[in-house]
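Architecture and fold: a report
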Amino acid sequence: MCTRALWGDANGAVLVGRNMDWVDELGTALWILPRGQERTDALGGKLTWTSTYGSVIASQHDMIGADGVNEAGLAGHLLWLAESDYGTYDPEKPALGMSVWLQYMLDNFATVAECVAWMEETQIQVVSMVDPIYGKSVTLHLVLDYATGDSAVVEYIGGQRTIHHGRDFTVVTNSPTYDEQLANVKRYVGFGGDLPIPGSTEANDRFVRTAFYLDRLPQPHSESEAVAAILSIMRNAAQPFGAPDPVRPNISTTVWRTATDLTNKRYVFESCYRPNVVWVDLNKVDFTAGAPSRKLDVTGVDWYVGDVTEQFEERPTLQFL
């Protein structure tokens, strides 16, 4: 459930799009989190930090950040991966709870390369959790992107971490594992094979279709045209409204999508339950240490449209699960 596409050269800009597919709206809210906030590992506080960078994130039920971008141009996305296996948790070694896995990266690093270097140096563990809303174990992989077009896909399979790092890793969906997705796409027209481009909403078909159309995007003439283009890719990979297939729970309705301009620092959000698009201009946000956290409920009764940077309301900072 979910699709991510990274456009590395949109007439000099770098944009990334992401679909969130799930069985309901997820109580999604947008948060502005300034620098200087104290956070812990969500595992008892053995690892603590003070955020170096401010960020804008999309939260789920105000418990976990699923998507976001920081003021340096580093963005991240958590996507479902059923095969994830994080190994046995060793409390003597550094670890992050699932709820703060993405936020740690946004808080502490300016680039994908810095994130990858830190993960390799620390051999950081990731500890899954049981979602208290749905009662299911959470199995995710982490995708990172940066304003240069750099990218990383981080998976834990059989207790071992694998990182695919580089500009070539532009598309991510869900099962199977990323190495299998990379092998599968080579069977299709445009990637060395002879199979026609598939049309279903299965994760491997979305991967192929997203990669095919992403490679054929025309160069935009403006930022708004670039955002519209990446959103067109994400809509093509979306799952329409309707009950999830009980036999294939990895296919669910697309409930929201984002388009992030990593170059011009604009975070665009579209709820599939509301016929409008909103955005946050990070250049207008007060990220200074001591500034208040601010929240915008994008799944409530109010409809927003356009630039909502000034419509966030002050709130106590987000408490991660």
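Not measured: the values here are computed from a predicted model.

1. Things to note about the overall build of the chain
Helices and strands together make up the secondary structure of the chain, namely five helices and 20 strands. For 321 residues, the compact-globule formula gives about 20 Å, and the C-alpha radius of gyration of the chain, at 18 Å, lands near that figure. Oriented by its inertia axes, the alpha-carbon framework of the chain measures out at about 55 × 45 × 40 Å. Considering only residue pairs separated by 6 or more positions, the chain has 66% of its internal contacts joining residues 24 or more positions apart. When the accessible area of the chain is evaluated, it comes to approximately 12800 Å², of which 52% is carbon and sulfur surface. In the chain, 24 side chains carry a positive charge and 41 a negative one; their mean positions are 2 Å apart.

2. Overview of the packing of aromatic side chains
Applying the stated criterion across every chain, the model contains 14 aromatic pairs. Ring geometry for Trp-22 against Tyr-134: centres 5.3 Å apart, planes inclined by 75°, an arrangement best described as edge-to-face. Of the two residues, Trp-22 sits in the loop between β2 (13–21) and β3 (29–33) while Tyr-134 sits in the loop between β10 (125–127) and β11 (140–146), which places them 112 residues apart along the sequence. Taken together, the ring pairs connect Trp-49, Tyr-104, Phe-109 and Trp-118 into an aromatic cluster.

3. Regarding the packing of helix α3 (residues 178–185) against helix α4 (residues 203–214)
The geometry of a pair of packed helices is captured by two quantities: the angle between their axes and the separation between those axes. At a minimum axis distance of 10 Å, the contact between α3 and α4 shows a crossing angle of 55°. As judged from the angle between their axes, α3 and α4 are oblique. Crossing hand, α3 versus α4: right-handed. Here Tyr-178, Gln-181, Leu-182, Asn-184 and Val-185 of α3 come into contact with α4, specifically with Ala-203, Asn-204, Phe-207 and Val-208. A per-class count over the contact of α3 with α4 returns six nonpolar, three polar and no charged.

4. Remarks on the side chain of Thr-309
Of note, Thr-309 is situated in the loop between β19 (306–307) and β20 (313–314). Within polar-contact distance, the side chain of Thr-309 engages the side chain of Asp-307 at 2.5 Å. Residues in contact with Thr-309, not counting those within four places in the same chain, are Ile-32, Trp-279, Val-280, Asp-281, Lys-284, Val-285 and Arg-294.

5. Regarding the pairing of strand β6 (residues 55–60)
With six of six residues buried, β6 is to be regarded as a mostly interior element. With burial as the criterion, each face of β6 is covered, one bearing Ser-55, Ile-57 and Ser-59 and the other bearing Val-56, Ala-58 and Gln-60. Pairing between β6 and strand β7 (residues 64–70): six bridges, direction antiparallel. By the bridge assignment, Ser-55 is partnered in β7 with Asn-70.

6. Focus: the pattern of salt bridges
Note on pairing: side chains with opposite charge can pair once their charged atoms come close. Summed over the entire model, instances satisfying the criterion amount to eleven salt bridges. A salt bridge links Glu-270 to Arg-257; its shortest N-O distance comes to 2.8 Å. Remark: Arg-257 occurs in strand β15 (residues 254–261) and Glu-270 occurs in strand β16 (residues 266–271); sequence separation between them is 13 residues. We note that Glu-270, like Arg-257, is buried.

7. Examining the sheet that holds β15
Across the sheet, seven strands lie side by side as β14-β1-β2-β15-β16-β17-β19; this open sheet has mixed pairing. Bordering the open sheet on either side are β14 (171–172) and β19, each of which pairs with just one other strand. Sheet analysis places strand β1 (residues 3–10) next to β2, joined by six bridges and oriented antiparallel. Across the sheet, Arg-4 pairs through a bridge with Arg-18, a residue of β2. Sitting on the sheet, α4 touches β1, β2 and β14, and the angle it makes with β1 is about 15°.

8. Some remarks on the nonpolar core
Within the largest apolar cluster, 96 residues are counted, with the highest numbers of intra-cluster contacts made by Leu-30, Leu-96, Met-98, Trp-101, Met-105 and Val-280. Here this core gets seven residues from one element, more than from any other, and that element is helix α5 (residues 223–236). Among residues more than four places away in sequence, those in contact with Val-280 are Leu-30, Val-56, Lys-265, Arg-266, Tyr-267, Val-285, Val-308, Thr-309 and Phe-312.

9. Looking at unusual backbone geometry
In this chain, Ser-175 is followed by Pro-176 through a cis amide linkage whose omega measures 5°. Tracing the backbone shows Pro-176 in the loop between β14 and α3. In the Ramachandran plot, Gln-123 falls in the positive-phi region, its phi being about 55° despite a non-glycine side chain. Its location among the elements puts Gln-123 in the loop between α2 (112–122) and β10. Even without a glycine there, the phi angle at Lys-265 is positive, about 60°.

10. Section: α4
Compared with the 16 Å implied by 1.5 Å per residue over twelve residues, the 16 Å span of α4 between its first and last C-alpha is a close match. Taken across its twelve residues, α4 has ten buried, putting it largely inside the fold. Along α4, the positions that sit buried rather than exposed are Ala-203, Asp-205, Arg-206, Phe-207, Val-208, Arg-209, Thr-210, Ala-211, Phe-212 and Leu-214. Tucked inside the fold, the buried residues of α4 contact β1, β2, β14, α3 and α5.

About the thresholds
- Residues numbered from 1 in each chain as written.
- Predicted model: local features only at pLDDT ≥ 70, side-chain atom pairs only at ≥ 80, totals over all residues.
- Heavy atoms only, no water.
- Helix = DSSP H or I, 4+ residues; strand = E, 2+ residues; numbered from the N terminus.
- Rg over C-alpha atoms; globule rule 2.2 N^0.38 Å.
- Contact = heavy atoms within 4.5 Å.
- Areas by Shrake-Rupley, 256 points an atom, 1.4 Å probe, with all protein chains shown as cover.
- Lys, Arg positive; Asp, Glu negative; His and termini not counted.
- Charge placed at Lys NZ, Arg CZ, Asp CG, Glu CD.
- Phe/Tyr/Trp six-rings, centres within 6.5 Å; stacked < 30°, edge-to-face > 60°.
- Axes fitted to C-alpha atoms, helices over the stretch in contact; angles between N-to-C directions.
- Parallel < 35°, antiparallel > 145°, perpendicular 65-115°, else oblique.
- Left-handed = near helix turned anticlockwise from the far one by under 90°.
- Nonpolar A, V, L, I, M, F, W, Y, C, P; charged D, E, K, R; others polar.
- Polar contact = N/O pair within 3.5 Å; in protein donor to acceptor, adjacent residues only side chain to side chain.
- Buried < 20%, exposed > 50% of the residue type's maximum accessible area, 1.4 Å probe, protein only.
- Pairing = 2+ DSSP bridges.
- Salt bridge = Lys/Arg side-chain N within 4 Å of Asp/Glu carboxyl O.
- Core = buried A, V, L, I, M, F, W, Y, C linked by side-chain atoms within 4.5 Å.
- Expected span 1.5 Å × (residues − 1).

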